[in-house]
Amino acid sequence: MPYAACAPKPSKHSIVFILADDIGYGDFSCYGAMRVKTPHVDQLAREGIRFTDAHATGSVCTPTRYAFMTGQYAWRNPLGAGILSGEAPLAIDATKATTASLLKQGGYTTGIVGKWHMGLGSGQINWNTDIKPGPLEVGFDYAFIYPATGDRVPCVFIENHRVVGLDPNDPIQVSYDHKVGNEPTGREHPELLTLKFKHGHDATIINGISRIGWMSGGKSAWWKDEQMADTLTKKAVAFIEQNKDKTFFLYLATHNIHVPRVPHPRWDHTSGCGTRGDAIQEFDGCVGEIVATLDKLKLADNTLLIVTSDNGGVIGDGYDSGDERDLNGHLCNGALRGYKGSLYEGGHREPFIARWPGEIKPGTESSELIGLVDMMATFAAVAGVEMPKDGGPDSFNVLPALLGGKSPRDHLVVQSNGVERQAIRVGEWKYIPGKPAAHARAAGGGLYSTSPNVQLYNLANDISEESNLAEKNPGKVKEFQALLDKIKTDERSRP
């Protein structure tokens, strides 16, 4: 049933979901980047469908990942609503259905490689023994992860339940409250840094880069920043190769292009847009290796492959990498207003490309509204698995949109960091409730939405959110506020 605008008959199709970190709407050449080159991502766009109104649902890391995994808006759960530290407990209720557990129920072999950032354990973590609950307890058969972000300790990989390469005679300690051990910090010894910090990244130095939080021990297990992309890609390729005769779900959550941006030397100065541009091109190279593996193993025709990002782009973000000086005209979020962390479109509107030979017509474009919170119900439809009544309460099945048809969504709630800041899309309209400016902070040249005023934009003719129409449309303000209040009061928005 090629190129249908409705769901295909249930059958076994593998799924590869590649979630970039901090790549913005304008960072791929198929989305308008003029200098940064992304040939492998562009190839997928030519062979599949490119969305122009897809959203991360969160404009920072953890909320988007939580919503993707649970099908629930992250602001409904305080544990998953904000950026987590490297020692936060598991934010996901392991007794509830997840995207991974539903696919596992449908006969899929499930694996995650890369960034987790949804918490681990149930209290104080002992990094020197089994670390659980974690990915394996919420539906994954295999996990090769790092706990939080590249700029947070602990700077180690975890395979299934154990830190990789840990010497038991050099145990790990981690704290986000006080210094542990005798490792130098960026604030104490800036002369030791190979990458200077600007704000917030002044604690333990790992590989010449100071991080958020303190860590001691585990030196044999420390990752090498310039090797992270290669390490994660090799693990993802190995998972595909080991499961080539099975139906599998691979969630590849890359480090690229989150700070600290330290691409492998072979990518240095390749973009003409500084380290950030080089890291984008390194990400594209990783995508190319995944595509080549699927082709080599003759799996491409039976695999839904998606490439997207967890939030909008940001420049700098805590380190003095020179990105602000070296952009060379590159606009990470294109014409969109705002950056990572913002309720403006630049904070959460994402590139989203899906390729599925025989089902998705090549070279198509969609302006349908979708969110990453929808992947749970969508992947369940691909797998032919019924959604549980109490699972994925905010996840819509947008498979018809992926196949070139209409999205069932007429509205979508997006959030920034924490439980307090949401906005809502309703058709072509964007509504941001008025709030005090207490949540403001500078973020790489961008700001959280700091206006205390109600904001209303018509994105059909104002994609850059320049003209606030709230005063001219009090009826719509009242209507959208009531809808947002109802969604927040109700336990679900999924029909």
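Residues numbered from 1 in each chain as written. Predicted model: local features only at pLDDT ≥ 70, side-chain atom pairs only at ≥ 80, totals over all residues. Heavy atoms only, no water.

**Comments concerning the overall build of the protein chain**
Per the secondary structure count, the protein chain includes ten helices and 21 strands. Counting only residues that meet the buried cut, the protein chain has 63% of its 495 residues in that class. Excluding contacts between residues fewer than 6 apart, the proportion of contacts in the protein chain whose partners are at least 24 apart in sequence is 72%. Looking at the protein chain as shown, the accessible area adds up to about 18000 Å², and 51% of this sits on carbon and sulfur atoms. Between the mean site of the 51 positive side-chain charges and the mean site of the 58 negative ones, the protein chain shows a separation of 3 Å. (Helix = DSSP H or I, 4+ residues; strand = E, 2+ residues; numbered from the N terminus. Buried < 20%, exposed > 50% of the residue type's maximum accessible area, 1.4 Å probe, protein only. Contact = heavy atoms within 4.5 Å. Areas by Shrake-Rupley, 256 points an atom, 1.4 Å probe, with all protein chains shown as cover. Lys, Arg positive; Asp, Glu negative; His and termini not counted. Charge placed at Lys NZ, Arg CZ, Asp CG, Glu CD.)

**Structural notes on the packing of helix α1 (residues 39-47) against helix α5 (residues 274-296)**
It is the contact of α1 with α5, at a shortest axis distance of 7 Å, that shows an interaxial angle of 55°. In terms of orientation, α1 lies oblique with respect to α5. Where α1 abuts α5, its residues Pro39, His40, Val41, Gln43 and Leu44 lie against Phe283, Asp284, Gly285, Val287, Gly288 and Val291. Residue composition of the contact of α1 with α5, grouped by class: six nonpolar, four polar and one charged. (Axes fitted to C-alpha atoms, helices over the stretch in contact; angles between N-to-C directions. Parallel < 35°, antiparallel > 145°, perpendicular 65-115°, else oblique. Nonpolar A, V, L, I, M, F, W, Y, C, P; charged D, E, K, R; others polar.)

**A word on the pattern of salt bridges**
Per the counting criterion, the structure on display carries 31 salt bridges. A salt bridge links aspartate 53 to arginine 349; its shortest N-O distance comes to 3.5 Å. Of the two residues, aspartate 53 is situated in strand β2 (residues 49-55) and arginine 349 in strand β13 (residues 349-355); the sequence distance between them amounts to 296 residues. For the pair aspartate 53 and arginine 349, a shared accessibility class is recorded, and that class is buried. Between aspartate 225 and arginine 211 there is a salt bridge, and its shortest N-O distance comes to 2.8 Å. On the criterion of sequence distance, the pair formed by aspartate 225 in the loop between β10 (214-216) and α4 (228-242) and arginine 211 in the loop between β9 (209-210) and β10 is long-range, its members being 14 residues apart. In this pair, the class of aspartate 225 matches that of arginine 211, namely buried. (Salt bridge = Lys/Arg side-chain N within 4 Å of Asp/Glu carboxyl O.)

**A few points about the environment of valine 291**
Counting through the fold element by element, valine 291 comes out in helix α5. Taking the C-alpha atoms as reference, valine 291 lies 21 Å from glutamate 365; in sequence the two are 74 residues apart. Here valine 291 is in contact with Gln43, Leu44, Leu305 and Arg355, once residues within four sequence places are set aside.

**Things to note about the pairing of β2**
Burial within β2 is extensive, with seven of its seven residues counted as buried. In terms of strand pairing, β2 meets strand β14 (residues 364-366) through three bridges, oriented parallel. When the bridges of β14 are listed, arginine 50 appears paired with glutamate 365. In the sheet, β2 pairs with strand β15 (residues 370-371) via two bridges, with the strands oriented parallel. Pairing of histidine 55 across the sheet is with glycine 371, part of β15. (Pairing = 2+ DSSP bridges.)

**Regarding the side chain of glutamine 415**
Among the structural elements, glutamine 415 can be located in strand β16 (residues 411-415). Relative accessible area serves as the criterion here: at 1%, glutamine 415 is assigned to the buried category. There is a polar contact of 3.0 Å between the side chain of glutamine 415 and the backbone nitrogen of tryptophan 75. (Polar contact = N/O pair within 3.5 Å; in protein donor to acceptor, adjacent residues only side chain to side chain.)

**Describing the nonpolar core**
In summary, soluble globular proteins display a tendency toward joint burial of nonpolar side chains. Core analysis: the largest hydrophobic core is formed by 113 residues, its most contacted members being Phe17, Trp116, Phe249, Phe352 and Phe379. Ignoring anything within four residues of it in the chain, the contact list for tryptophan 116 reads Arg65, Leu90, Ile92, Gly134, Pro135, Val138, Phe140, Ile145, Tyr146 and Pro147. With 25 residues, the next largest nonpolar core counts Tyr73, Ile424, Val477 and Ile487 among its residues. (Core = buried A, V, L, I, M, F, W, Y, C linked by side-chain atoms within 4.5 Å.)

**Describing the sheet that holds strand β21 (residues 455-458)**
Spatially, four strands are ordered β16-β17-β18-β21 in an open sheet, and the strand pairing comes out antiparallel. Since the sheet does not close on itself, it has two edges, and those belong to β16 and β21, each with one partner. Neighbour-to-neighbour, the strand axes of the sheet open up by a mean angle of 15°, direction not taken into account. Bridge count for β16 against strand β17 (residues 422-426) is five bridges, and the pairing is antiparallel. Note on β17: the bridge partner recorded for histidine 411 is valine 426.

**Thoughts on the packing of aromatic side chains**
In the structure shown here, the tally under the stated rule is 20 aromatic pairs. Connected via pairs of aromatic rings, a cluster forms that spans Phe17, Phe68, Trp116, Phe140, Phe249, Tyr251 and Phe379. Over the ring of tyrosine 344 we find arginine 337; its NZ or CZ atom is 3.9 Å from the centre of that ring. (Phe/Tyr/Trp six-rings, centres within 6.5 Å; stacked < 30°, edge-to-face > 60°. Lys NZ or Arg CZ within 6 Å of the ring centre and 35° of its normal.)

**Thoughts on the packing of helix α2 (residues 61-70) against helix α8 (residues 375-383)**
Close contact between α2 and α8 brings their axes to 6 Å; oriented N to C, the two are set at 35°. Facing Phe68, Met69 and Thr70 of α2, the residues of α8 in contact are Met375, Met376 and Phe379. Partitioning the contact of α2 with α8 into residue classes produces five nonpolar, one polar and no charged.

**Here's the deal with α8**
α8 sits mainly inside the fold: eight of its nine residues count as buried. Every buried residue belonging to α8 is among Met375, Met376, Ala377, Thr378, Phe379, Ala380, Val382 and Ala383, and all of these are buried. Glycine 384 sits one or two positions beyond α8 and adopts a positive phi of about 70°.

**Brief notes about the side chain of aspartate 310**
Topologically, aspartate 310 is positioned in the loop between β12 (303-309) and α6 (323-326). A relative accessible area of 0% places aspartate 310 in the buried class. Side-chain polar atoms of aspartate 310 contact the backbone nitrogen of aspartate 22, separated by 3.0 Å.

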